[in-house]
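# Observations on the three-dimensional arrangement
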Amino acid sequence: MKAYLLLIFVLIGLLVSNGVYAQSTIMADKVYTSEGYPYKNLIMKAERVELIYSEEDSITTCRVKVHSNNKVLESNNVSISQEDFSSAPVTQCLARKTAKAFLSQL
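In this report, the structure presented in the accompanying data block is examined. (Residues numbered from 1 in each chain as written. Predicted model: local features only at pLDDT ≥ 70, side-chain atom pairs only at ≥ 80, totals over all residues. Heavy atoms only, no water.)

### Some points on unusual backbone geometry
With an omega of 0 degrees, the peptide bond running from Tyr 37 to Pro 38 counts as cis. With respect to the helices and strands, Pro 38 occurs in the loop between α1 (2–24) and α2 (39–45). The backbone phi angle of Asp 57 is positive, close to 55 degrees, even though this residue is not glycine. Relative to the helices and strands, Asp 57 is located in the loop between β1 (48–56) and β2 (59–68). (Helix = DSSP H or I, 4+ residues; strand = E, 2+ residues; numbered from the N terminus.)

Structure representation (structure tokens):
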């Protein structure tokens, strides 16, 4: 009987710790932009703006996804230097013309 109780407590502990681990592995960073129109307006008006990127050697490939009103707008991939990406990620990954077009669709 004691072995069964101990087994139940261990299983409950594993389930709880697994749930906590699953929540802690979600990667989400907030990126703030000092750029004005149209970037700031786009970020403020959209429900969510995602900056998707990958780094290889000294090149960063990135794109931007904008979510609003059950609509998803996605820019094309852009390859830039890691230095440019780290200095202004949103403006480097999303062309001003595209940002204006996205803003007009929200």
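Next comes the rest of the write-up.
### Structural notes on the nonpolar core
Formed by 15 residues in total, the largest nonpolar core has its most connected members in Leu 42, Val 66, Cys 93, Leu 94 and Phe 102. If you list the elements that add at least two residues to this core, you get α2, β2, α4 (89–93) and α5 (96–105). (Core = buried A, V, L, I, M, F, W, Y, C linked by side-chain atoms within 4.5 Å. Buried < 20%, exposed > 50% of the residue type's maximum accessible area, 1.4 Å probe, protein only.)

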